[in-house]
Amino acid sequence: MAGNAQCLFCRIASGEIPAKKVHEDADVVAFHDINPQAPTHVLVIPRKHIPMLNDLTDADAATIGTTIVRASEIARELRLHEDGYRLVVNNGEGAGQTVFHIHVHVLGGRGFRWPPG
Ligand code: AMP
Ligand code: ZN
């Protein structure tokens, strides 16, 4: 799975840059977000370098499917599944995307009811 030498998350996936990894396998890597927005905040990334949702094609269906399935398994391992958790994928700078290697945020440990209130 060719990594992109300029990409932060490819470098984390390869182990070149350290991260607090919670899971890794042939397809995905998961690690704690460095700036957590919830008591539990994990990022799940495919090893394959796909910049953003805009780039997806049918050829990526298995990669993205596996990433979401792994996110759900990690949420269960972290005991988030009973109280509830949120998966977020930001697409583009206007949505707050800052790292252009597609990733799923797993957020848990606090309430996420929508609309709030
Ligand atoms: P996004 O804003 O959706 O692109 O999410 C990027 C996320 O990556 C942010 O929540 C950052 O806090 C997180 N992040 C940036 N650099 C690192 C890093 N070196 N290790 C872990 N998380 C990071
Ligand atoms: Zn990458």
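Along each chain, the written sequence defines residue order, and numbers are assigned to residues from 1. The naming scheme follows written order: chains are lettered A onward, ligands numbered 1 onward. For this predicted model, a pLDDT threshold of at least 70 governs which residues receive local features, and a threshold of 80 or more governs which side-chain atom pairs are given and counted, while totals over whole chains, interfaces and linings are taken from all residues. To get the side-chain values, all heavy atoms of the structure are used, and hydrogens and water are removed first.

Q: Any details on the pairing of strand β1 (residues 21–24)? Residues and values, ideally.
A: Within a regular beta strand, the side chains point alternately toward one face of the sheet and then the other, so they alternate between its two faces. Two strands form a pair only when DSSP identifies at least two bridges running between them. Secondary structure elements follow DSSP: runs of H or I of four or more residues count as helices, runs of E of two or more count as strands, with numbering from the N terminus. Where β1 and strand β2 (residues 28–32) come together, three bridges link them in antiparallel fashion. Looking across to β2, one finds that H23 is bridged to A30. Remark: three residues form the turn of the hairpin made by β1 and β2, two consecutive strands paired antiparallel.

Q: Go over the coordination of the zinc ion (ligand 2) with me, naming the residues and quoting the values.
A: With water omitted from the atoms examined, metal sites may look incomplete; donors here are N, O and S atoms no farther than 2.8 Å from the metal, or 3.2 Å in the case of Na, K and Ca. Coordination sphere of the zinc ion (ligand 2), protein contribution only: C7 (SG), C10 (SG), H49 (ND1) and H101 (ND1), at 2.0 to 2.3 Å. Every geometry call rests on angle ranges, with four donors termed tetrahedral when all angles are between 85 and 135 degrees, four termed square planar and six termed octahedral when opposite donors are over 155 degrees apart and all others are between 65 and 115, and everything else termed irregular. What the four donor atoms of the zinc ion (ligand 2) show is an angle range of 106 to 117° at the metal, which sorts the shape as tetrahedral. Mapped onto the sequence, the donors of the zinc ion (ligand 2) take the spacing C-x2-C-x38-H-x51-H. Remark: H49 occurs in the loop between β3 (40–46) and α2 (61–77) and C10 occurs in helix α1 (residues 8–14); sequence separation between them is 39 residues. Think of it in three bands: with a 1.4 Å probe and only protein chains considered, a residue is buried below 20% of the maximum accessible area for its type, exposed above 50%, and partly exposed in between. The buried category is assigned to C10, whose relative accessible area is 5%. The partly exposed category is assigned to H49, whose relative accessible area is 23%.

Q: Go over the layout of surface pockets, please, and point to the residues and values.
A: Cavities and pockets were defined on a 1 Å grid built from protein atoms only: a cavity is a group of points that admits a 1.4 Å probe but offers it no way out, a pocket is an open group of points flanked by protein on both sides within 12 Å along at least five of seven lines, and a lining residue is one with an atom within 4 Å of any such point. Grid points are joined across faces, edges and corners, and a volume is the space filled by probe spheres set on the points. Put simply, the largest pocket is a space of about 460 Å³. Considering the residues around the largest pocket, the lining is formed by 23 residues, among which F9, D33, I34, N35 and L43 are closest to the centre. Considering every element that reaches the lining of the largest pocket, the biggest residue donor is α1, with three residues. For this classification, Asp, Glu, Lys and Arg are treated as charged, while Ala, Val, Leu, Ile, Met, Phe, Trp, Tyr, Cys and Pro are nonpolar and the rest, including Gly, are polar. For the lining of the largest pocket, the residue count by class is eleven nonpolar, ten polar and two charged.

Q: Lay out the sheet that holds strand β4 (residues 85–88) in plain terms, naming residues and giving numbers.
A: Across the sheet, which stays open at both edges, the five strands sit in the order β1-β2-β3-β5-β4 with antiparallel pairing between neighbours. In this open sheet, the two edge strands, each paired with only one partner strand, are β1 and β4. Across the sheet, the mean angle separating the axes of adjacent strands is 15° when strand polarity is ignored. Sheet analysis places β2 next to β3, joined by five bridges and oriented antiparallel. Considered in β3, the bridge of V28 is made with P46. Contact between two residues is taken to exist if any of their heavy atoms lie within 4.5 Å; hydrogens are not considered. Lines fitted to C-alpha atoms define the axes, with helix axes restricted to the stretch in contact, and inter-axis angles between N-to-C directions lie between 0 and 180 degrees. Packing of α2 onto the sheet brings it into contact with β1, β2, β3, β4 and β5 (104–108), and relative to β3 it is tilted by some 155°.

Q: A description of α2 should follow, citing residues and the corresponding values.
A: The span one expects for a helix is its residue count, reduced by one, times 1.5 Å. For α2, built from 17 residues, the straight-helix expectation of 24 Å at 1.5 Å per residue is met to within 8% by its first-to-last C-alpha distance of 24 Å. Buried positions along α2 lie against β1, β2, β3, β4 and β5. Trailing α2 by a residue or two, R79 shows a phi angle of about 65°, which is positive.

Q: Please give an account of the environment of T67 that cites residues and values.
A: Within the secondary structure, T67 is located in helix α2. The spatial distance from the C-alpha of T67 to the C-alpha of G84 is 19 Å, given a sequence separation of 17 residues. In this structure, T67 is in contact with V28, V44, P46 and V104, ignoring residues within four places of it in sequence.

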